[in-house]
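These are the residues of each chain, in order.
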Amino acid sequence: MNELLQQILNGLAIGSVYTLVALGLTVVFGILGIAHFAHGSLAMFGGYLTFVFSTSMGLSFFASIALAMPVGAVMGMLIERLAYRPVRDAPHINAFIIALGLTMMLEGGNLLLFGADQVIIQTPYQQVFDFGGIFVAQLRLVVIVTAVSLVAAVTWLLLKTKTGKSVRAVAQNRHAAVLMGVNVNFVSSVVFAISSALGVAAGALIGALLALAPGVGESFAVKGFAVLILGGLGSLPGAILGGLVLGVSESLAAGFLSSAYKDVISFLIMILVLLVMPQGLMGKK
Amino acid sequence: MKQLMSHRWMLSVAVVAVALALPHLFKSPYYIHLMTLALIWVVLAQGQNLTQGFVGYVSIAQAGFMGIGAYISTLLTMKLGVSVWAMLVIAPLLTGVMAIVAGYPSLRVKGHYFSIVTLAYNMVIFIVLMTFSALTGGEAGIPDVPRPSELTIGGHVFSFEGRSNLNFYALALSAAVLATTCCAFVLHSRVGRVMLAIRQNEDLAEAMGVVTSRYKLFAFVMSSILAGLAGSLYAHYIGFLNPEPFGVDQSLNIILAVILGGSGTLSGPIVGAVSVTFLPELLRFADSFRLITYGLILVVATIFLPKGLVPLMATLWRRLRASQPMVAEHKPTSKA
């Protein structure tokens, strides 16, 4: 029983990171209809940047993340402006192929700037708490709390601010939003800035919780999309629920079945969900 | 139109003749090796083009299916002693069976989501090839994969041993011709027209009473059969097998080949496959910038050359001919 709770808790920590990645993907998809596959590699770039800030400049973990997030946001805006906007009116496949090209460029850039060695971001949160037989690493709690506050902040931004309102307006009906005077180009930039900043934070958390290495970004992008498919396309609650479901099921699979095949099992769950409910757990029919 | 068709036939025969003559012109074993690989890539890219170019569904699992074909072919020849020649037929068919199982659930989702699901397949295939080392040898791989046995035709003995083997080159060329011919037949059949209709407007095609899922599954399975053939050829050509060439990166390269050549055309994948095989060799000087350069080419090509090299060359050629009034009698066609 304790073992089960332990695994569920571990799953919630990694699941909250999946949620962060998926949230960035879902705002971009919901508003621009782009499957922004390069998101994972951008997140890795952010993770590496956090690592550099904390080791070479001696900044604390959170100060490094806070410094890396705006850099990521600017990169996201540049990507939107230079790569995605020119193909906005072309078939969606083109944007996806551009995303693949961007992934190659970012992965190549990460390799060139930060090398091929695995990197782990050191944090001071090394304590382990004992709650009646269940051991909780402080780092996992920090990851969960950080992810929850970021998700809350973005939700507030989207639901309560005027900018958030225009973002949601474009998501609901692009043409009507344009007619109401919403600046779609500005909204696109904002969406990419938010999404990339979230990605950077997720990359930093991954770097602290697991490790940064070439190829990790791609696998996180795939996980993020798996979450979207699980939760339902373009749905914020779906992204949150889907992330936690994926994290917990993966953690249970690793604990009770086989850790080498945990990714295989989580993808099988995604495919099963597709078979039974193609619209996802929280998606509209 | 008929005349145009016969022109196209002549062009195809000329291309094959040039392909046959090339290794005799460039005697360097290095070029013969690269050209053999390029021909195997033509098979792969023609398969990819069926889903990506004709139906408009970008699958990111082509390298994974190539891997399935390669491993089935290798394991059955080495563990059960099946002949390589038989495996060149059986491995693609078994890969096709796997594709039916994989394609059925994934084709329920559209557009990007189909791509992501196939990407997940490729990752699953890669993880299994890496982890299930009792059978696949894991990362260390399987050495000494056999070449096809000698053929005796009319007293002549054709051996397939040795690097840059001209007989193997001819074998790869026949596979490439076979793949291209199959795709041409599909494209000009009713099935092909339905596929193009799905690409243009799937909802409309469905409303006209077409069961689109069947055609999508057909394209996906046929594409995987070609990937399996390419995988089998590759394994028995290179002679050493590990999971590395069957990762997601390679699937992206195959997509690049189709885009660069011209997706939805028959000659595009050929041009694309040759470019993608030779481009990394040309970009050797770029060394650690290679991945970035590659990605940049993909992005720039999609923005400025969304139709690929072949339609671009066709347009230039037509303009050139249009400036000479003597031969301007052919109506330009949009399909290459």
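Asker: Can you lay out the overall build of chain A for me, pointing to particular residues and giving the numbers?
Answerer: In terms of helices and strands, chain A carries 11 helices and two strands. Helices and strands in chain A line up, N terminus first, as α-α-α-α-β-β-α-α-α-α-α-α-α. For a compact globule of 285 residues, the expected C-alpha radius of gyration is about 19 Å, and chain A comes in at 19 Å, within 12% of that figure. For chain A, the spread of C-alpha atoms along the three principal axes comes to 60 × 50 × 35 Å. Taking all 285 residues of chain A together, the buried fraction comes to 52%. Partitioning the contacts of chain A with sequence separation of at least 6, the portion at a separation of at least 24 is 75%.

Asker: Which residues make up the interface of chain A and chain B, and what values do they have?
Answerer: Across the boundary between the two partners, chain A contributes 37 residues, which contact 33 residues of chain B. Elements with a minimum of two residues in the side of chain A that touches chain B: helix 4 (92-114), helix 9 (216-231) and helix 11 (262-276) of chain A. Looking at the side of chain A that touches chain B, its residues break down into 28 nonpolar, six polar and three charged.

Asker: Could you give an account of the packing of helix 9 of chain A against helix 5 (residues 111-131) of chain B, with specific residues and numbers?
Answerer: Here helix 9 of chain A crosses helix 5 of chain B at 130°, and the two axes come no closer than 10 Å. Relative to helix 5 of chain B, helix 9 of chain A is oriented oblique. Pair helix 9 of chain A / helix 5 of chain B crosses with left-handed handedness. For the pair helix 9 of chain A and helix 5 of chain B, the contacting residues are Ser219, Val222, Phe225, Ala226 and Ile229 of chain A in the first and Tyr113, Ile116, Leu119, Ala120 and Met123 of chain B in the second.

Asker: Provide a residue-level description of helix 8 (residues 190-200) of chain B, including the pertinent values.
Answerer: Residues and elements named next belong to chain B. For helix 8, the complete set of buried residues consists of Val194, Met195, Ile198 and Arg199. The buried residues of helix 8 occupy an angular sector of 145° when the element is viewed end-on, so they sit on one face. Away from its buried face, by an angle of more than 90 degrees, helix 8 presents the exposed residues Arg190 and Gln200. The inward-facing, buried residues of helix 8 abut helix 2 (29-55), helix 9 (202-207) and helix 10 (212-238).

Asker: With reference to specific residues and values, describe the pairing of strand 2 (residues 134-137) of chain A.
Answerer: All names here are of chain A. With four bridges joining them, strand 1 (residues 128-131) and strand 2 adopt antiparallel strand pairing. Residue pairing across strands places valine 128 opposite alanine 137, the latter belonging to strand 2. The antiparallel pairing of strand 1 with strand 2 creates a hairpin that spans two residues between the two strands, and glycine 132 there sits at a positive phi of about 50°.

Asker: So, the environment of asparagine 122 of chain B: which residues are in play, and what are the values?
Answerer: Residue and element names in this part refer to chain B. Its place among the elements puts asparagine 122 in helix 5. Taking the C-alpha atoms as reference points, asparagine 122 and serine 164, 42 residues apart in sequence, are found 30 Å from one another. Sequence-distant contacts of asparagine 122, defined by excluding residues within four places in its chain, comprise Ile60, Ala61, Ala63, Gly64, Val248 and Ser251.

Asker: Residue-level account of helix 4 (residues 84-106) of chain B, with values.
Answerer: Along an α-helix, residues three or four apart share an orientation, since each turn contains 3.6 residues. Residues and elements named next belong to chain B. In a regular helix each residue adds 1.5 Å, so 23 residues correspond to 33 Å; helix 4 covers 32 Å between its end C-alpha atoms and thus fits that length. Along its length, helix 4 shows its largest kink, about 25°, at isoleucine 90, and proline proline 92 lies within four residues downstream of that point. Among the structural elements, helix 3 (62-80), helix 5 and helix 10 are those in contact with the buried residues of helix 4.

Asker: Tell me what's going on with the nonpolar core, and back it up with residues and numbers.
Answerer: Grouped together as the largest cluster of nonpolar side chains are 188 residues, with contacts concentrated most on Val17 and Ala201 of chain A together with Leu44 and Ala120 of chain B. Residue contacts for alanine 201 of chain A: discarding those within four places in its chain leaves Leu20, Ile65, Met69 and Leu150 of chain A.

Asker: How would you summarise the confidence of the model for chain B if you had to cite specific residues and measurements?
Answerer: Caution applies to low-pLDDT parts of the model: their predicted coordinates are not meant to be read in detail. On average, residues of chain B score 86 in pLDDT, and 94% of them reach the 70 mark or higher. This prediction of the complex comes with two scores: 0.82 for pTM and 0.84 for ipTM.

What counts, and at which threshold
- Residues numbered from 1 in each chain as written.
- Chains lettered and ligands numbered in written order.
- Predicted model: local features only at pLDDT ≥ 70, side-chain atom pairs only at ≥ 80, totals over all residues.
- Helix = DSSP H or I, 4+ residues; strand = E, 2+ residues; numbered from the N terminus.
- Rg over C-alpha atoms; globule rule 2.2 N^0.38 Å.
- Buried ≥ 20, exposed ≤ 12 C-beta atoms within 10 Å, placed from the backbone.
- Contact = placed C-beta atoms within 7 Å.
- Nonpolar A, V, L, I, M, F, W, Y, C, P; charged D, E, K, R; others polar.
- Axes fitted to C-alpha atoms, helices over the stretch in contact; angles between N-to-C directions.
- Parallel < 35°, antiparallel > 145°, perpendicular 65-115°, else oblique.
- Left-handed = near helix turned anticlockwise from the far one by under 90°.
- Arc of directions from axis to C-beta.
- Pairing = 2+ DSSP bridges.
- Expected span 1.5 Å × (residues − 1).
- Bend = angle between axes of the 7 residues up to and from the residue.
- Core = buried A, V, L, I, M, F, W, Y, C linked by C-beta atoms within 7 Å.
- pLDDT = per-residue confidence, 0-100.

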